[in-house]
Every structure is written in structure tokens, then in C-alpha cells.
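Okay, here's what each chain looks like letter by letter:
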Amino acid sequence: MKIIPMTAEACLKRLEPADAEEMFWLTDVNRPYLRQWLPWLDMVREVKDTARFIALTIDQHHRRQGTHYGIWYNGRLAGTLGVHSIDWANRKTSIGYWLGAQFQGKGLMTQAVAAYLDHLVFGEWDLERVAIQAATGNHKSRAIPERLGFRLEGVLRSNEFLYDHYVDHAVYGMLAAEWRSRTSADESGSGT
Ligand SMILES: CC(C)(COP(=O)(O)OP(=O)(O)OC[C@H]1O[C@@H](n2cnc3c(N)ncnc32)[C@H](O)[C@@H]1OP(=O)(O)O)[C@@H](O)C(=O)NCCC(=O)NCCS
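Residues numbered from 1 in each chain as written. Predicted model: local features only at pLDDT ≥ 70, side-chain atom pairs only at ≥ 80, totals over all residues. Heavy atoms only, no water.

**What to know about the packing of aromatic side chains**
Piece 1. Inspection of every chain in the model, using the stated rule, returns seven aromatic pairs.
Piece 2. Between Phe-24 and Trp-25, the ring centres sit 5.0 Å apart and the planes meet at 70 degrees, which makes this aromatic pair edge-to-face.
Piece 3. Here the aromatic residues Tyr-69, Tyr-116 and Trp-125 are joined through ring pairs into a cluster of three or more.
Piece 4. The cationic tip of Arg-64 hangs over the ring face of Trp-88; the distance from NZ or CZ to the ring centre is 4.4 Å. (Phe/Tyr/Trp six-rings, centres within 6.5 Å; stacked < 30°, edge-to-face > 60°. Lys NZ or Arg CZ within 6 Å of the ring centre and 35° of its normal.)

**Comments concerning the side chain of Asn-30**
Piece 1. Relative to the helices and strands, Asn-30 resides in the loop between helix H1 (20–29) and helix H2 (31–35).
Piece 2. Side-chain polar atoms of Asn-30 contact the backbone oxygen of Leu-26, separated by 2.8 Å.
Piece 3. Only 2.9 Å separates the side chain of Asn-30 from the backbone nitrogen of Ala-101, close enough to count as a polar contact.
Piece 4. Residue contacts for Asn-30: discarding those within four places in its chain leaves Gly-100, Ala-101 and Gln-102. (Helix = DSSP H or I, 4+ residues; strand = E, 2+ residues; numbered from the N terminus. Polar contact = N/O pair within 3.5 Å; in protein donor to acceptor, adjacent residues only side chain to side chain. Contact = heavy atoms within 4.5 Å.)

**Examining the UniProt feature "domain: N-acetyltransferase" (unreviewed entry) in the chain**
Piece 1. In the UniProt entry, the feature "domain: N-acetyltransferase" (unreviewed entry) is given for residues 27–178.
Piece 2. In residues 27–178, helix accounts for 35% and strand for 37%; the two terminal C-alpha atoms are 34 Å from one another. (UniProt positions renumbered as here; feature names shortened; annotations may be inferred.)

**Some words on the nonpolar core**
Piece 1. One finds Leu-12, Leu-81, Val-113 and Tyr-116 to be the most contacted residues of the largest nonpolar core, which totals 48 residues.
Piece 2. With eleven residues, the top contributor of residues to this core is helix H4 (residues 108–124).
Piece 3. Here Tyr-116 is in contact with Leu-12, Thr-67, Tyr-69, Leu-81, Gly-82, Val-83, Ile-95, Val-121 and Trp-125, once residues within four sequence places are set aside. (Core = buried A, V, L, I, M, F, W, Y, C linked by side-chain atoms within 4.5 Å. Buried < 20%, exposed > 50% of the residue type's maximum accessible area, 1.4 Å probe, protein only.)

**Quick word on the sheet that holds strand S6 (residues 129–135)**
Backbone hydrogen bonds hold the strands of a sheet together, and the pairing may be parallel or antiparallel.
Piece 1. One open sheet accounts for eight strands, arranged S1-S2-S3-S4-S5-S6-S8-S7; its pairing is mixed. The sheet is open, and its two edges are formed by strand S1 (3–5) and strand S7 (151–162), each paired on a single side. With direction set aside, neighbouring strand axes in the sheet form an average angle of 25 degrees.
Piece 2. Of the pairings in the sheet, the one linking strand S2 (residues 10–14) to strand S3 (residues 68–73) comprises five bridges and is antiparallel in character. (Pairing = 2+ DSSP bridges. Axes fitted to C-alpha atoms, helices over the stretch in contact; angles between N-to-C directions.)

**Comments concerning the layout of surface pockets**
Piece 1. Of the volumes computed, that of the largest pocket is approximately 1,300 Å³.
Piece 2. Around the largest pocket sit 48 residues that line it, and Leu-38, Gly-96, Tyr-97, Trp-98 and Leu-99 are the ones nearest its centre.
Piece 3. Those elements that place two or more of their residues in the lining of the largest pocket are H1, H2, helix H3 (47–62), strand S4 (76–87), strand S5 (92–99), H4, S6 and helix H5 (139–147).
Piece 4. For the lining of the largest pocket, the leading source of residues is S5, giving six residues.
Piece 5. Per-class residue counts for the lining of the largest pocket are 24 nonpolar, 18 polar and six charged. (1 Å grid on protein atoms, 1.4 Å probe; cavity = no way out; pocket = protein on both sides within 12 Å on 5 of 7 lines; lining within 4 Å. Points joined across faces, edges and corners; volume = space filled by probe spheres on them. Nonpolar A, V, L, I, M, F, W, Y, C, P; charged D, E, K, R; others polar.)

**With respect to the site of the ligand**
Piece 1. In the vicinity of the ligand there are 22 residues, among which Leu-99, Gln-104, Gly-105, Met-109 and Thr-110 approach most closely.
Piece 2. One of the backbone N or O atoms of Tyr-97 is found 2.9 Å from a nitrogen atom in the ligand.
Piece 3. For the ligand, an oxygen atom lies 2.5 Å from a polar atom in the side chain of Gln-104.
Piece 4. More than half of the atoms of the ligand fall within 2 Å of the grid points belonging to the largest pocket.
Piece 5. Mapped onto the shell around the ligand, the elements with two or more residues apiece are H2, S5, H4, S6 and H5.
Piece 6. Split by residue class, the shell around the ligand holds eleven nonpolar, eight polar and three charged. (Near = heavy atom within 4 Å. Sits in = over half its atoms within 2 Å of the grid points.)

What follows is the structure, encoded as C-alpha cells:
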């Protein structure tokens, strides 16, 4: 699925080579803010580094190992989300995401993750489980699975090295049946 609708102003579009320039500049202007929680900023110095990343995601898509999308808001790239890989034997995956600072606070990522789960993870791919991991101190990121009804399953200690220190990760999980019952409760108007 190349385009996934979200709202009147926003949609998800599969990353393609033509997005490299806009994605690089969005990364570059947000460098100090993104660097606080993401480990790869020092590897992205030029447009060609972003182009290489996009090429990897296209290869990943062709190998049926998951897909990365750009989040487009009023015609501008606001951020990205995607899965790290798909474990087909156990029918599970994990999601990663980021937004430019100027696009925060509108509910864009919460809506993007919900659309991604509906259309791909529990739709087209029909997986059993999805996880979201965030540094325990990354409250804005943790709020996304919490808002969507994921269950907090535990904390992995010193799970990621961020430039000069380790961070612990909170692990959130959602199962297919839980997502479907949540979605049908929302549709029948009984959800909160
Ligand atoms: C993590 C990150 C994507 C969260 O961004 P965000 O804007 O807080 O998340 P959302 O787009 O879902 O928006 C939620 C915010 O919009 C508000 N909002 C407005 N309308 C909303 C709606 N319809 N639905 C949900 N939230 C809405 C919420 O109240 C919340 O604001 P608050 O934090 O002031 O309470 C962003 O901070 C980021 O990219 N950080 C740097 C990279 C990073 O940490 N990535 C994750 C690594 S695990």
C-alpha cells in the first residue's frame, strides 16, 4: 500500500528516492532535538546519507521485511515511521518513529501509528504482536503507545547506547485481538 490515509491534512506515503532531500533537511534542522533520543544522527551528514537510508528501506520492503513511511502534513514531510524488521516465524514486529519538532503536539504520530497498525501490522501483514520501545525518560514517545492502549510489559536495562551513555527501555506490546477489540469498541461508540 503506497499511500495510507490519515486525516484531511495528513497521510502516510511509502518513502521513495525523491524524498531524500526534504527528509535530510528535516533531519538537519532538528539535529540537536532528535539526537537526544535517536542513535543515528552522526551518520547522517549529507543528502546522500538519507538517500542511502531510503534505498535500504525500499530493499527491506521488497524482501517483505517491513516498510517505512513518510508522514505528510499539508504537503510537507513531518516525520517518518516504520518497522525494524518482521519476524514471520513468530508473526511479530516493532515500530520506530520520529517527527520534526515543529510538527509535535498535533496528535500526528499517534494517528500515524494507529493507521499503520490498522492497514499493515494487523491488516495486510496479519501479525500477532507489535512492540514499541522507548527510553524510560522519553515521555513524549512513551505517551504514544500509552494513548493507543498498549500494555507496558517491562523495562530492559541499559538497552541502548546513545553517544555517551546507556538508556533503559520501556517495552510496550499490543496483540492482534486486543487491537481489534479496541477498534470495534471505538467504532460502536463505547470507546473512550
Ligand atoms: C516521540 C514524538 C514522535 C512524539 O511527538 P508528539 O507530537 O508528542 O506525538 P503526537 O504527534 O502523537 O502528538 C501528541 C501530542 O499532541 C496532542 N494532540 C493534539 N491533538 C491530538 C489528537 N487528535 N490525538 C492525540 N494527541 C493529540 C497531545 O495532547 C500531545 O500533546 P502533549 O504532549 O502536549 O500532551 C516526538 O517527540 C519525537 O519525534 N521525538 C524525537 C524522536 C523520538 O524520541 N523518537 C522516538 C524514539 S522511541
